[in-house]
Amino acid sequence: MPDGRIIAIPVRRSVRLVLLDHVARVFEPGVRYSEAEVNALLRGFSANVSVLRRGLLDEGFMERDRTRYWRCGGTVEV
């Protein structure tokens, strides 16, 4: 991640989970985000926001309903 930007999504799941956990930390637990807000935050990591968003959903870091996304997993700083 040179300059904090993701240049490739790791193929190995264990490494991909570490990366997604890092990305998930930009979302506050308990806060509901619109898709536009999610995309804006993910653009800070990569231009390919759809791959990151799908990875966060598929691996259980985020959930969504029809209009909102929220963080439901990952490491939380206490």
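Everything that follows concerns the structure shown earlier in this document.
Just so it is clear, the structure is predicted and the values come from calculations on it, not from any experiment.

A. Quick peek at the nonpolar core. Judged by nonpolar contacts, the single largest core of 17 residues is most densely connected at Phe27, Val38, Leu42, Leu56 and Met62. Elements supplying a minimum of two residues to this core: helix 1 (13-24), helix 2 (35-42) and helix 3 (49-58).

B. Spotlight on the sheet that holds strand 3 (residues 69-71). With antiparallel pairing, the three strands of this open sheet are ordered in space as 1-3-2. Only two strands of the sheet have a single neighbouring strand rather than two, namely strand 1 (32-33) and strand 2 (62-64). Sheet topology places strand 1 next to strand 3; two bridges connect them, and they run antiparallel. Directly across from tyrosine 33, in strand 3, lies its bridge partner tyrosine 69. Lying on the sheet, helix 3 is in contact with strand 2 and strand 3; it crosses strand 2 at an angle near 95 degrees.

C. Layout of the packing of aromatic side chains. For the structure shown, the criterion picks out one aromatic pair. With a centroid separation of 5.2 Å and 80 degrees between ring planes, the pair formed by phenylalanine 27 and tyrosine 33 is classed as edge-to-face. Each member of the pair phenylalanine 27 and tyrosine 33 is classed as buried. Over the face of the ring belonging to tryptophan 70 we find arginine 32, whose NZ or CZ atom lies 3.8 Å from the ring centre.

D. Local environment of helix 2. Turning to helix 2, its buried residues are Val38, Asn39 and Leu42. Looking straight down helix 2, one finds its buried side chains confined to an arc of 100 degrees; they lie on one side. Buried residues along helix 2 sit in contact with helix 1, strand 1, helix 3, strand 2 and strand 3.

E. Main features of the pattern of salt bridges. Using the criterion set out here, one finds six salt bridges in the structure. A salt bridge links arginine 53 to glutamate 35, with the nearest nitrogen and oxygen atoms 3.7 Å apart. With a gap of 18 residues between them, arginine 53 in helix 3 and glutamate 35 in helix 2 connect regions that are remote in the sequence. Take arginine 53: its relative accessible area is 15%, and that puts it in the buried class. Where arginine 54 meets aspartate 58, a salt bridge forms, and the shortest distance between an N and an O atom there is 3.1 Å. With arginine 54 and aspartate 58 both in helix 3 and four residues apart, this pair spans about one turn of that helix. Residue arginine 54 is classed as partly exposed on the basis of its relative accessible area, which comes to 40%. Residues joined in a network through salt bridges with shared partners are Arg13, Arg16 and Glu59.

Parameters and conventions
Residues numbered from 1 in each chain as written. Predicted model: local features only at pLDDT ≥ 70, side-chain atom pairs only at ≥ 80, totals over all residues. Heavy atoms only, no water. Core = buried A, V, L, I, M, F, W, Y, C linked by side-chain atoms within 4.5 Å. Buried < 20%, exposed > 50% of the residue type's maximum accessible area, 1.4 Å probe, protein only. Helix = DSSP H or I, 4+ residues; strand = E, 2+ residues; numbered from the N terminus. Pairing = 2+ DSSP bridges. Contact = heavy atoms within 4.5 Å. Axes fitted to C-alpha atoms, helices over the stretch in contact; angles between N-to-C directions. Phe/Tyr/Trp six-rings, centres within 6.5 Å; stacked < 30°, edge-to-face > 60°. Lys NZ or Arg CZ within 6 Å of the ring centre and 35° of its normal. Arc of directions from axis to C-beta. Salt bridge = Lys/Arg side-chain N within 4 Å of Asp/Glu carboxyl O.

Interpretation note: all reported values are geometric properties and have no functional meaning in isolation.
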